[in-house]
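Close look at the chain arrangement
Residues per chain are reported as follows:
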Amino acid sequence: MRLALLGCGTVGAEVVRLLHEQADDLAARIGAPIELAGIAVRRLGRDRGPLPVDPELFTTDALGLVKRDDVDVVVEVVGGIEPARTWLVEALRAGKSAVTANKALLAEDGAALHDAAAEGGADLYYEASVAGAIPLLRPLRESLHGDTITRVTGIVNGTTNFILSGMDATGAGFTEALDEATALGYAEADPTADVEGFDAAAKAAILASLAFHTRVGAADVYREGITEVTAADVASAKAMGCTIKLLCIAERGPDRTGAESVSVRVHPAMIPRSHPLASVGDAFNAVFVEAVAAGQLMFYGRGAGGAPTASAVMGDIVAVARNRLAGVRAASESAYADLPIRSMGESFTRYHISLDVADRAGVLATVAGVFAKHDVSIATVRQSGRADDATLVIVTHGAPDAALAATVEELRGLDIVRSIASVLRVEGGQER
């Protein structure tokens, strides 16, 4: 089996090493040896460490490598939208199996890749695109294919989880926790994709597409990052027996008309410390899947890094190589349900709201009246302090997010509300 590798950075270099170190075992598992036909890189001559590969295999002509007749499998670990999309579409249309770790491309235009795979009768595998080494996508697309998945909740970005875990453990603010993550190599020099939720949103789209047999793109995912989470928010969560995590949440359920629909969102949320995801610390990932027959399932492990991601890539390489030797193709994309996407405003959520208020008679009644006006039920309320330091902490029952947002907006305009210290969503034990 002849393999073209597109990209030789952190993940690509690990793939090369594993192909060399496990060559005999891989040949036995697949039924034929794997040979590198070529490695496409942006720049020749760059120091990539002591790789066990002939330097003559390196090329800057990725498209030319993909088009070669002696290539059976194309592995893309470059990232980005273009030119990766062009390379993969070319390979798939030509009937060559493709393995990719490109979450951004899959979330942005996975439809183009799946259509090309169908046109060429080729396999498209992408286990490494979500949660690194954790075997997650294969169970969703194969093991649970006979069940009905109702909800997927996950921590799918290690950088933000490291930051929030640090804030929870030390009481540090966001900036201090981010600085530590950067110093330790958990955060990029430009952490925007992570801390603003773009990375998690791309992964959420992929998970929802597989779980609900519906094409979901990055544009369909509601997204909030963690930059507004404060040390006070973390302390308030602790007081409630909760912790704060950046969650990707994908749900299948009825919209306001009762029709089946899909909701996909990424945002920070309080979760009870009793929830399985609450104990996921450091830069680890975990995904909690709920299905009708299987019940609740938990997938946990390292979600990033060269070796963990390369492990997932290698698993896909073995799968597609076996299929090619057997002359068969894996199950194609399952998007038969084609469910509509439910807007964030229609999604049921709960809010934790902390208000700095004037401490005088009638304040609580006035605030409660605003909630009642928008048909939002209050679950708990706690008042503390006196005079200018009076604080109301309110947790709501489940309600459409649009109603909750309108409630917060009206509260901002009350003369008795000096400021809104924090607004966070609450997950776990949600009522509808």
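Placed above this text is the structure.
These lines cover the structure that appears in this document, whether it is placed above or below. (Residues numbered from 1 in each chain as written. Predicted model: local features only at pLDDT ≥ 70, side-chain atom pairs only at ≥ 80, totals over all residues. Heavy atoms only, no water.)

**Describing the overall build of the protein chain**
The condition that has to hold: Helix and strand assignments come from DSSP, with helices taken as H or I runs of at least 4 residues and strands as E runs of at least 2, each series counted from the N terminus. Throughout, radius of gyration means the C-alpha value; the globule benchmark is 2.2 Å times the number of residues raised to the power 0.38. Partly exposed residues are those whose accessible area sits between 20% and 50% of the maximum for their type, while under 20% is buried and over 50% is exposed, using a 1.4 Å probe and protein chains only. Any two residues whose heavy atoms approach within 4.5 Å are treated as being in contact. The positive count covers Lys and Arg only, the negative count covers Asp and Glu only, and His and the chain ends enter neither. For the purpose of locating charges, the reference atoms are NZ of Lys, CZ of Arg, CG of Asp and CD of Glu.
From N to C terminus, the protein chain includes 14 helices and 17 strands. For 432 residues, the compact-globule estimate of 2.2 N^0.38 gives 22 Å, and the C-alpha radius of gyration of the protein chain, at 24 Å, lies within 12% of that figure. Taken over the C-alpha atoms alone, the protein chain extends approximately 80 × 50 × 35 Å along its principal axes. Per-residue burial for the protein chain yields a buried fraction of 53% across its 432 residues. In the protein chain, of all internal contacts separated by at least 6 residues, the share reaching a separation of at least 24 is 73%. For the protein chain, the distance from the average position of its 39 positive side-chain charges to the average position of its 56 negative side-chain charges is 1 Å.

**Description of the nonpolar core**
Our working rule: Grouping buried Ala, Val, Leu, Ile, Met, Phe, Trp, Tyr and Cys residues that are joined through side-chain atoms within 4.5 Å yields what is termed a nonpolar core.
Leu136, Ile149, Ile163 and Leu207 are the most contacted members of the largest nonpolar core, which has 67 residues in total. Counting residues per element, this core draws most heavily on helix H10 (residues 198-212), at eleven residues. Residues in contact with Leu136, not counting those within four places in the same chain, are Glu127, Val130, Ala131, Leu207, Val287 and Phe299.

**A word on the sheet that holds strand S5 (residues 97-100)**
The criterion, for reference: We treat two strands as partners when DSSP finds at least two bridges between them. Geometry is summarised by axes, namely lines fitted to C-alpha atoms with helices restricted to the contacting stretch, and by angles between N-to-C directions that run from 0 to 180 degrees.
Spatially, six strands are ordered S3-S2-S1-S4-S5-S6 in an open sheet, and the strand pairing comes out parallel. Across the chains shown, the open sheet's two edge strands, defined by having one partner strand only, are strand S3 (58-59) and strand S6 (124-125). Summarising the sheet, S5 and S6 pair through two bridges and their orientation is parallel. Residue Ala98 lies in a different strand from S6, and its bridge partner there is Leu124. Each of strand S1 (2-6), strand S4 (73-76), S5 and S6 is contacted by helix H12 (residues 306-326), which is oriented at about 170° to S5, the strand it contacts most.

**Remarks on the packing of aromatic side chains**
For any pair of aromatic rings, the description rests on two quantities: the centre-to-centre distance and the angle between the ring planes. The condition is simple: Pairing of aromatic rings covers Phe, Tyr and the six-membered ring of Trp, with a centre-to-centre limit of 6.5 Å; geometry is then stacked below 30 degrees between planes, edge-to-face above 60, and tilted otherwise. Charge-over-ring contacts are defined here by two conditions on Lys NZ or Arg CZ: a distance within 6 Å of the ring centre and an angle within 35 degrees of the ring normal.
Inspection of the entire model under this criterion finds two aromatic pairs. Measuring from ring centre to ring centre gives 4.2 Å for Phe162 and Tyr186, while their planes differ by 25°; the resulting arrangement is stacked. Of this pair, Phe162 sits in helix H7 (residues 158-170) while Tyr186 is found in the loop between helix H8 (174-183) and helix H9 (192-195), placing the two residues 24 residues apart along the sequence. On the basis of relative accessibility, which here comes to 10%, the residue Phe162 falls in the buried class. The class of Tyr186 is partly exposed, set by a relative accessible area of 33%. Considering the side-chain rings of Phe284 and Tyr300, the 5.2 Å spacing of their centres and the 5° angle between planes classify their relative orientation as stacked. Of the two residues, Phe284 is situated in strand S11 (residues 284-291) and Tyr300 in strand S12 (residues 295-302); the sequence distance between them amounts to 16 residues. Residue classification places Phe284 among the buried positions, given a relative accessible area of 17%. The ring of Tyr125 carries the charged tip of Arg141 above its face, separated from the ring centre by 4.8 Å. Positioned over the ring face of Phe198 is Arg223, at 3.8 Å from the centre of the ring.

**Brief notes about the pairing of strand S13 (residues 348-357)**
A large share of S13 lies buried, amounting to eight of its ten residues. Here S13 pairs with strand S16 (residues 399-400) via two bridges, running antiparallel. Residue pairing across strands places Phe348 opposite Pro400, the latter belonging to S16. As judged from the eight bridges shared by S13 and strand S17 (residues 417-426), these two strands associate in the antiparallel manner. The residue bridging Ser354 from the neighbouring strand is Ser422, located in S17. When S13 meets strand S15 (residues 391-396), the two strands line up antiparallel, connected through five bridges. For Ser354, the partnering residue across the bridge sits in S15 and is Val393.

**Focus: the state of the cysteines**
The criterion, for reference: The term disulfide is used for any two cysteine sulfur atoms that are within 2.5 Å.
As enumerated under the stated definition, the model contains zero disulfides in all. Not part of a disulfide, Cys242 finds its nearest cysteine sulfur in Cys248, a span of 19 Å.

**As for helix H11 (residues 231-239)**
Counted only if it meets this: The directions considered for the arc are those from the helix axis to the C-beta atoms.
Listed in full, the buried residues belonging to H11 are Asp233, Val234, Ser236 and Ala237. Looking down the long axis of H11, one finds its buried residues gathered within 160° of arc, a one-sided arrangement. Opposite the buried face of H11, at more than 90 degrees from it, the exposed residues are Ala232 and Ala239. One or two residues past the end of H11 sits Gly241, with phi positive at roughly 75°.

**What to know about the pairing of S17**
As defined by bridge partners, strand S10 (residues 260-272) adjoins S17 across two bridges and the pair is classed as parallel. Within S17, the residue paired with Ala269 across the bridge is Arg425.

**Points about the packing of helix H1 (residues 10-21) against H12**
How we decide: Here the angle decides the label: under 35 degrees means roughly parallel, over 145 means roughly antiparallel, 65 to 115 means roughly perpendicular, and every other value means oblique. Helix crossings are classified by the rotation of the near helix relative to the far one: an anticlockwise turn of less than a right angle makes the crossing left-handed, while a clockwise turn makes it right-handed. Here the term charged refers only to Asp, Glu, Lys and Arg, the term nonpolar to Ala, Val, Leu, Ile, Met, Phe, Trp, Tyr, Cys and Pro, and the term polar to all other amino acids, Gly among them.
Closest axis-to-axis distance for the H1/H12 pair is 8 Å, and the angle between their directions is 55°. In this view, H1 runs oblique relative to H12, as classed from their interaxial angle. As H1 runs across H12, the sense of the crossing is right-handed. Touching Thr10, Val11, Glu14, Val15, Leu18 and Leu19 of H1 are Gly306, Ala307, Thr309, Ala310, Ser311, Val313, Met314 and Ile317, all from H12. Tallied by class, the residues present in the contact of H1 with H12 amount to nine nonpolar, four polar and one charged.

**Focus on the side chain of Thr407**
Examined against the element boundaries, Thr407 turns out to sit in helix H14 (residues 401-412). Classification of Thr407 by relative accessible area gives buried; the value is 0%. Once residues within four sequence positions are removed from consideration, Thr407 is found in contact with Val370, Phe371, His374 and Val376.

**Re the environment of Leu178**
Relative to the elements of secondary structure, Leu178 occurs in helix H8. In sequence terms Leu178 and Val195 are 17 residues apart; their C-alpha atoms lie 9.0 Å from each other. Ignoring anything within four residues of it in the chain, the contact list for Leu178 reads Ile163, Ala187, Pro191 and Val195.

Honestly, it's all geometry; don't read function into it.
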